[in-house]
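Each chain, letter by letter, is given below.
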Amino acid sequence: MFATYLIGLREGLEATLVVSILVAFLVKSDRRNRLPHVWLGVGLAVALSVFFGWMIEYTSATLLNTSRERELFDAVTSVAAVVFVTWMIFWMRKAARSIAGELRGKLSEALAVGAFAVTGMAFLAVIREGLETALIFYSAAQSAAGGAGRSALFALVGGILTAVVIGFLLYRSALKLNLSKFFTWTGALLILVAAGIFKYGVHDFQEADVLPGLSTHAFDISGVLDPSTWYAALLSGMFNITPTPSLLEMVAWVAYAVPVMVLFLRKPGQPAAKPGQPAAKPAEAAKAVAEAPAGPVQPA
């Protein structure tokens, strides 16, 4: 279940970096008394994300009565997951340059208001990652194995725990990681995962008789890609590559993967640097999680 591990790693590291920025700001501004409020907001975000993931699974398994309803539900969640993945990878490439400064600014404003505002700010900073993770995880697990089983869940948790360890080591300056390359490589892999999820969503729409062509296969490579082999299971689990996809499934896969990958790998334009200053690098703000000095903070 490499796909779900990758989702947990990528989303977990983004959330960990956000929390690290908030914690570093409070520590450097000598406002450690507000740390419990940050952790409360983070805890609430995690709890709501877990509940949201459970609700998705419960809805599919219990509330929907017919197979057609379940196929439509899985198809819609797959398309929604693809939208979130695409938005997330492009947003992170752009926002990494300024995310640290924006978070410190918002936290300064929250500190001026009081404890409730600090908790709410931390909650909002993390909840987006949590809800995205729950939705993308469900769709990836469904497309890979037909259900969010224990192995997929363990892989997701393993990815999140790995991200927490990496984030902690970065915070403690015990690990140096080129975050720009990390997010580029993981982003490219997630595009392939998203293409597989989109292909699975199209297949579900065909299963529900919303789209035609379920029996019109693009090709049949079952003689080369035996579904019972380990490498076939690996390709199916990672990118939903199957031996006999329908023509419409493959059109959808190519129509998504090719243009999105080209746009993502294209080097983004750098903003004009101020005189005497170098241009900002994509992950510069994230690398400086624990290094940037905190600005003056008004007491709450």
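Computed from a prediction, not measured in an experiment: that's the story for all the values here.

1. Here we look at the overall build of the protein
And step 1. What the protein contains, in helices and strands, is 10 helices and zero strands.
And step 2. Order of helices (α) and strands (β) in the protein, N terminus to C terminus: α-α-α-α-α-α-α-α-α-α.
And step 3. Counting over 300 residues, the protein shows a buried share of 46%.
And step 4. Excluding contacts between residues fewer than 6 apart, the proportion of contacts in the protein whose partners are at least 24 apart in sequence is 82%.
And step 5. When the accessible area of the protein is evaluated, it comes to approximately 15,000 Å², of which 67% is carbon and sulfur surface.

2. Comments concerning the packing of aromatic side chains
To describe a pair of aromatic rings, one takes the distance between the centres and the angle between the planes.
And step 1. All chains considered together, the criterion is met by seven aromatic pairs.
And step 2. Between Trp87 and Trp91 the ring centres are 5.8 Å apart and the planes differ by 20°, which places this aromatic pair in the stacked class. One end of the pair, Trp87, and the other, Trp91, are both in helix α3 (residues 67–95), four residues apart, so they sit about a helical turn from each other.
And step 3. Under the relative-accessibility criterion, Trp87 is labelled partly exposed at 40%.
And step 4. Plain terms: the ring middles of Phe90 and Phe264 are 5.9 Å apart, the flat faces sit at 90° to each other, and that makes the pair edge-to-face. Here Phe90 is found in helix α3, whereas its partner Phe264 is found in helix α9 (residues 247–265), with 174 residues between them in sequence.

3. Considering empty space enclosed by the protein
And step 1. In the structure shown here, the tally under the stated rule is two cavities of 30 Å³ or more.
And step 2. In this structure, the largest cavity encloses a volume near 70 Å³.
And step 3. If you go around the largest cavity, you meet 10 residues; those closest to its centre are Glu14, Leu17, Val18, Met92 and Ile99.
And step 4. The set of elements that each furnish at least two residues to the lining of the largest cavity consists of α1 (2–28), α3 and α5 (115–145).

4. With respect to the packing of α3 against helix α7 (residues 179–207)
And step 1. Here α3 crosses α7 at 160°, and the two axes come no closer than 8 Å. Looking at the two axes, α3 sits roughly antiparallel to α7. In this structure, α3 meets α7 at a crossing whose hand is left-handed.
And step 2. Looking at the contact of α3 with α7 residue by residue, the classes come out as 18 nonpolar, three polar and four charged.

Definitions and limits used
Residues numbered from 1 in each chain as written. Predicted model: local features only at pLDDT ≥ 70, side-chain atom pairs only at ≥ 80, totals over all residues. Heavy atoms only, no water. Helix = DSSP H or I, 4+ residues; strand = E, 2+ residues; numbered from the N terminus. Buried < 20%, exposed > 50% of the residue type's maximum accessible area, 1.4 Å probe, protein only. Contact = heavy atoms within 4.5 Å. Areas by Shrake-Rupley, 256 points an atom, 1.4 Å probe, with all protein chains shown as cover. Phe/Tyr/Trp six-rings, centres within 6.5 Å; stacked < 30°, edge-to-face > 60°. 1 Å grid on protein atoms, 1.4 Å probe; cavity = no way out; pocket = protein on both sides within 12 Å on 5 of 7 lines; lining within 4 Å. Points joined across faces, edges and corners; volume = space filled by probe spheres on them. Axes fitted to C-alpha atoms, helices over the stretch in contact; angles between N-to-C directions. Parallel < 35°, antiparallel > 145°, perpendicular 65-115°, else oblique. Left-handed = near helix turned anticlockwise from the far one by under 90°. Nonpolar A, V, L, I, M, F, W, Y, C, P; charged D, E, K, R; others polar.

Note that all results are geometric; they support no functional claim without further evidence.
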